[in-house]
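# A look at the structure
Here is how the chains run, residue by residue.
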Amino acid sequence: MGKFIIQGQAKLSGEIKVMGAKNAALKIIPAALLSSEKITITNLPDIEDINKAISMIKALGAKVKLKNRTLEIQALNISNNKINIEQASKFRASIMFVGPILARFGEVKFPHPGGCVIGAGGRPIDLFLDGFKKLGAKIDEKENYYHLKAKKLNGCEHFFPIISVTATEALMMTAVLAEGITILKNCACEPEIKALADYLNEQGAKINGAGTSTITIAGVKNIHAGQFKVMPDRIETGSFAIMAAAAKSEIMITKCDPEHIQVLLNIFNKIGIPFKQGSDWLRIGPAKRIKSYSIKTHEYPGFPTDLQPLYTVLMTQTQGTSLIHETIYNRRLLYTDMLIQMGADITMCDPHRVVVNGPSKLIGKKLTSPDLRAGIAMIIAGLIAEGKTEIDNIYQIDRGYENIDKRLRALGADIERID
Ligand code: EPU
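Residues numbered from 1 in each chain as written. Predicted model: local features only at pLDDT ≥ 70, side-chain atom pairs only at ≥ 80, totals over all residues. Heavy atoms only, no water.

### Considering the pairing of strand β7 (residues 138-141)
Bridging between β7 and strand β8 (residues 146-149) involves four bridges; their strand directions are antiparallel. Within the sheet, the bridge partner assigned to aspartate 140 lies in β8 and is histidine 147. The turn linking β7 back onto β8 is made up of four residues. (Pairing = 2+ DSSP bridges. Helix = DSSP H or I, 4+ residues; strand = E, 2+ residues; numbered from the N terminus.)

Here you go:
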C-alpha cells in the first residue's frame, strides 16, 4: 500500500480548487436507480469512494459512461436486485443503494455495510432498517445479509431517534416512490440533503422541507431524466482553510462555498486567523498568534465532526488550552495518540473528549492513516512538523481527497507519494 513522505515546515502559498462534494456525489449515484431515464452528473470528484459507487451501480446492470468528471447513468434494465456482498461489505455508502432498489423493485438483498473505523462496533444501520420497515418492508436477517421485501411501500410518519445524514437521505429517496405522504422528523439538515431533494424535485418528486428538521414527501409514480451538478465539497474547503491556518500561510481557496463552513469562519474570527471571502472563494491570510478555542461537534450547521481531527491539529499550534468534544462518533479521537507521539500535549479525558495544551512543536514521525479525516489531519501535522513524516495506509485519504499530494505540491508542500 502507498505512503506519503512529507518534509515539514515548507511555507504554502497559491491557489487550490475545491472538488465536487464526495458526500453529495455518493448519494446521487444510487438516486439514479429511482428512474429508468438517464441522469447526467457533472463536477464528479475522481476519488476511490466514487469509483466504488460507480462499480456497484454497474454491477446492478445500469449503463454507465464516465468522461471528464461527467457521469451518465441509465438504470433502465436492472438485471439484479442483489447488491454485491463483497463490494458492499467494505463500503459504508453502499447502504444508499438499498432504498432506491427497494422502492423500484420491491426487493433487495444486501450485507451489513463496512467502512472506516470511527464508530464503535462498526457503524450501525438500525435507523435505516427501522425506516424501511415503517414504509412497509419486511426484513429477513440472514447470516451474512439482509433480505428486504415490499409488495408496496406506503407513506408514513417517522421520527429519527438520532440525527443521521445518510438515514435521512435514504428514507427521503425511498419515500419518493412510496404511495401517499411520508413525514420524516428530526432529520439531518446538511446542504447535501437539500441538493439531493432539489434535484429529485426537478425530475418530478414532491419533497418539501429538505434542509430543515422536518421533510415531507408526497409519493410519485416516476422520476425523470435530469442533470445534477455536484456542489463544492465543504469538508475539502474547511480542510484547506485549517491547513492554511495551521501552516500560517496564505492560500486562496476557489470553487468553494464559504457559506457552508460559517461555523469554522466564525471561530477563525475569534482566534485570530485572517480571511476574506466571496461567494465562491475564500482567502486565508497568514496567521501570527492563534488563540485556542474549544469546540463540540454537532450536526450541520454546527461544527462538523469531519473537521474535528484537523481542528485538533490546529489547536496544538495555539496559545492556551482547548477542549475538543466529539459528540457524533465514539472512535474519532484515537488518532490523537499519533499527535502525542509527534510532541503534542493532549490528554484524553474519555472517548469523546480531549484537552489540547498549545503551542507544541511537532516533530515528524512514522504514522498511519486510520480513516479519511484523521488521515488528512496527519498530513497537516506533517506539513507543520519539523523533519520527515511518513504516513501509510493512504488509501484512506485517497477515498475522499482527489490527488491530494499533487494539489499540495502545487501550493509548495514537500509531499511525495510512494507506491
Ligand atoms: N447511527 C446510528 N444508527 C444508524 C446510523 C447512524 O446509531 O443506523 C449513528 C452513528 O453511529 C452516529 C450518528 O448516528 O453516531 C450520526 O451518523 P450519521 O448516520 O449521520 O453518519 P453517516 O450518515 O453514516 C455522514 C457522512 C460522514 C459524516 C457524518 C456526520 C456520508 C457518506 N457520510 O455519515 O462522512 O461524518 O454524516 O456528518 O455522507 C466522511 O466524509 O469522512 C464521513 C465519515
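### Focus: the site of the ligand
Around the ligand there are 23 residues in total, and Asp126, Ser164, Thr166, Asp306 and Ile328 lie nearest to it. Here lysine 22 contributes a side-chain N or O atom positioned 2.8 Å from an oxygen atom of the ligand. (Near = heavy atom within 4 Å. Polar contact = N/O pair within 3.5 Å; in protein donor to acceptor, adjacent residues only side chain to side chain.)

### Describing the side chain of threonine 305
Structurally, threonine 305 can be placed in the loop between β17 (295-296) and α10 (308-315). Among the polar contacts made by the side chain of threonine 305, one reaches the side chain of glutamate 326 at a distance of 3.0 Å. Setting aside chain neighbours within four positions, we find threonine 305 in contact with Thr297, Glu326, Ile328, Tyr329 and Arg332. (Contact = heavy atoms within 4.5 Å.)

### Examining the packing of helix α1 (residues 22-31) against helix α7 (residues 191-202)
Packing of α1 against α7 brings their axes to within 9 Å, and their N-to-C directions diverge by 30°. For the element pair α1 / α7, the angle class is roughly parallel. In the crossing of α1 with α7, the sense of the turn from one axis to the other is right-handed. In this structure, α1 contributes Asn23, Ala24, Lys27, Ile28 and Ala31 to the contact, and α7 contributes Glu192, Leu196 and Tyr199. Grouping the amino acids of the contact of α1 with α7 by side-chain chemistry returns five nonpolar, one polar and two charged. (Axes fitted to C-alpha atoms, helices over the stretch in contact; angles between N-to-C directions. Parallel < 35°, antiparallel > 145°, perpendicular 65-115°, else oblique. Left-handed = near helix turned anticlockwise from the far one by under 90°. Nonpolar A, V, L, I, M, F, W, Y, C, P; charged D, E, K, R; others polar.)

### Looking at the sheet that holds strand β11 (residues 206-208)
Ordered in space as β9-β10-β12-β11, the four strands form an open sheet in which the pairing is mixed. Of all strands in the sheet, those with a lone pairing partner are β9 (157-159) and β11, marking the two edges. Each adjacent strand pair in this sheet contributes to an overall mean axis angle of 15°, direction not counted. Two elements, strand β10 (residues 181-185) and strand β12 (residues 214-218), share five bridges in a ladder whose sense is antiparallel. When the sheet's bridge partners are listed, isoleucine 181 is paired in β12 with alanine 218. Contacts between helix α6 (residues 165-176) and the sheet are confined to β10, β11 and β12, with β12 contributing the most and set at about 20° to the helix.

What is shown is where atoms sit, not what they do.
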